[in-house]
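# Per-entry structural report
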Amino acid sequence: MAKIAVMGCGTVGAGVIRVFSMNRDEITRRVGEEIEVKYALDLREFPGTPIEKILTHDFQDILNDPEVSVVVETMGGLKPSYQFTKQLLEAGKSVCTSNKELVAEHGVELRKIAVEHNANYLFEASCGGGIPIIRTLNASLTGEKIEEVTGILNGTTNYILTNMTEEGKDFAEALKEAQQKGYAELHPEADIEGYDACRKIAILSSLAYGCHISYKDVATEGITNVDDTDIEYVKAMNCRIKLLGTSRREKNGTWALVAPMVIGSENLLTTVDGVMNAVLVKGNAVGTTMYYGSGAGSLPTASAVVGDVIECVKSIGTPLRLDYSSEQLQLMPVDEVERPFFVRYRGTEAEAVNTFGPIRHARHLEGHADEFAFITRKMSEKQFRDCVAADARVIKWFRRGKKEEQE
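As a starting point, this report considers the structure included with it.

Cut-offs used in this document
- Residues numbered from 1 in each chain as written.
- Predicted model: local features only at pLDDT ≥ 70, side-chain atom pairs only at ≥ 80, totals over all residues.
- Heavy atoms only, no water.
- Buried < 20%, exposed > 50% of the residue type's maximum accessible area, 1.4 Å probe, protein only.
- Helix = DSSP H or I, 4+ residues; strand = E, 2+ residues; numbered from the N terminus.
- Pairing = 2+ DSSP bridges.
- Phe/Tyr/Trp six-rings, centres within 6.5 Å; stacked < 30°, edge-to-face > 60°.
- Salt bridge = Lys/Arg side-chain N within 4 Å of Asp/Glu carboxyl O.

Turning our attention to the pairing of strand E7 (residues 146-152). For E7, a buried count of six out of seven residues is recorded, marking the element as mostly surrounded by other parts of the structure. Bridge count for E7 against strand E11 (residues 276-283) is six bridges, and the pairing is antiparallel. Bridge pairing links Glu 148 to Lys 282 in E11. By the bridge criterion, four bridges tie E7 to strand E9 (residues 239-250) in an arrangement that is antiparallel. Residue pairing in the sheet places Gly 151 in a bridge with Gly 245 of E9.

Now for the pairing of strand E14 (residues 341-345). Taken residue by residue, a regular strand's side chains alternate between the two faces of the sheet. Most of E14 is tucked away: five of the five residues are buried. Of the two faces of E14, the one holding Phe 341, Val 343 and Tyr 345 and the one holding Phe 342 and Arg 344 are both buried throughout.

Take the sheet that holds strand E5 (residues 94-97) next. Within a sheet, neighbouring strands are paired by backbone hydrogen bonds and run either parallel or antiparallel to one another. In spatial order, the strands read E3-E2-E1-E4-E5-E6; together these six strands make up an open sheet with parallel pairing. What marks the edges here is a single partner per strand, and that holds for strand E3 (55-56) and strand E6 (121-122). Both strand E4 (residues 68-73) and E5 contribute to a ladder of four bridges, which runs parallel. Pairing of Glu 73 across the sheet is with Thr 97, part of E5.

Right, let's get into the packing of aromatic side chains. The final tally for this structure, using the stated rule, is 13 aromatic pairs. Ring geometry for Phe 341 and Phe 384: centres 3.9 Å apart, planes at 5°, overall stacked. Taken together, the positions of Phe 341 in strand E14 and Phe 384 in helix H14 (residues 381-389) put the pair 43 residues apart, joining distant regions of the chain. The class of Phe 384 is buried, set by a relative accessible area of 0%.

Quick look at the pattern of salt bridges now. Evaluated as defined, the whole model comprises 35 salt bridges. Its salt-bridge partner being Lys 86, residue Glu 109 comes within 3.8 Å of it at the nearest N-O pair. Taken together, the positions of Glu 109 in helix H5 (residues 100-116) and Lys 86 in helix H4 (residues 81-90) put the pair 23 residues apart, joining distant regions of the chain. Judged by relative accessible area, Glu 109 falls into the partly exposed class, the value being 29%. The shortest N-O distance in the salt bridge between Arg 385 and Glu 381 comes to 3.1 Å. Highlighted residues: Arg 385 and Glu 381, both in helix H14, separated by four residues, approximately one helical turn. The exposure class of Arg 385 is partly exposed, given its relative accessible area of 35%. Judged by its relative accessible area of 1%, Glu 381 falls in the buried class. Each of Asp 227, Asp 230, Arg 344, Glu 371 and Lys 396 takes part in one network of salt bridges that share partners.

Right under this line is the structure:
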């Protein structure tokens, strides 16, 4: 019998314990032995629940127990999760986590420590909740040269933008509803400012390209600038606004970006609504593949954690291959990336053409006679920003997904 511990009994940690209970027979059959959760570490009490029987408040109980070979870390944040994880790996215990903040900040170091001590540090649940995207990049697509990774990586922002699009609500109303339904935190900055998606695209891109990409180098914008008028213009163009995390290899280098993007119906991500997540991966041989599912939630995320635990139990003492290099990948400036842009403009079409060159898909809205919206020609972001700086009639703009990114 393999024995494990769970650190942090919040939404995901409690879900992990529940999955091991509800799927015990199936897991035992597939692993070849039963997996028992021996400890649950938390500061709180859980009277009358299954957690109560295995609860400990002392990390040393887990660290010093030779029977515990795999530990689940679902505490979140950097403290004390980083120090606890490091000590466990140095003791030769494998760690499975859903903590994208820790993976993005210290993942390379922790993976190195794990290998040095014949253990594993796995983090499938850190990106995309229950979507098996990391395992796919690490196994199924190893024969590919990955050219692009792009996705809807945050369920909170996707729910807000969907609500604004389908229900006509403004940002504040949509955010409030997301909070009431438990999709957004009381302090939602990590989601709505794009920080959560930034960490996830950095992790996925590091695995896809075989070099480490620091989340601190990823240009990041959130959705707080999106209003209901923007949504109406975009709908009139038969498009949607989605917060996308994207990285792409180009001739001049690799770039990465998190930002609200205007995408058309030709893009598979247009139909991903509500709290769902999806990731598109483009390989040079297979083309574009899509991975879709619940990006958050207790059981979907717990399912991904349990999958990692099973891999660790089946590989005790043997580090699993993971293409997560410490070699730093220098990203090219986003200013050099070429694409079309969506622009809201207070002026005439002739004035817009004079500033931006040829425009297309011009749309006028009833009640907004003093402005209109359009799509520019393809140009570098620096060229576009120079145009914006030179014309005070620009109200607002967003990036438009290029057709090449959507095939």
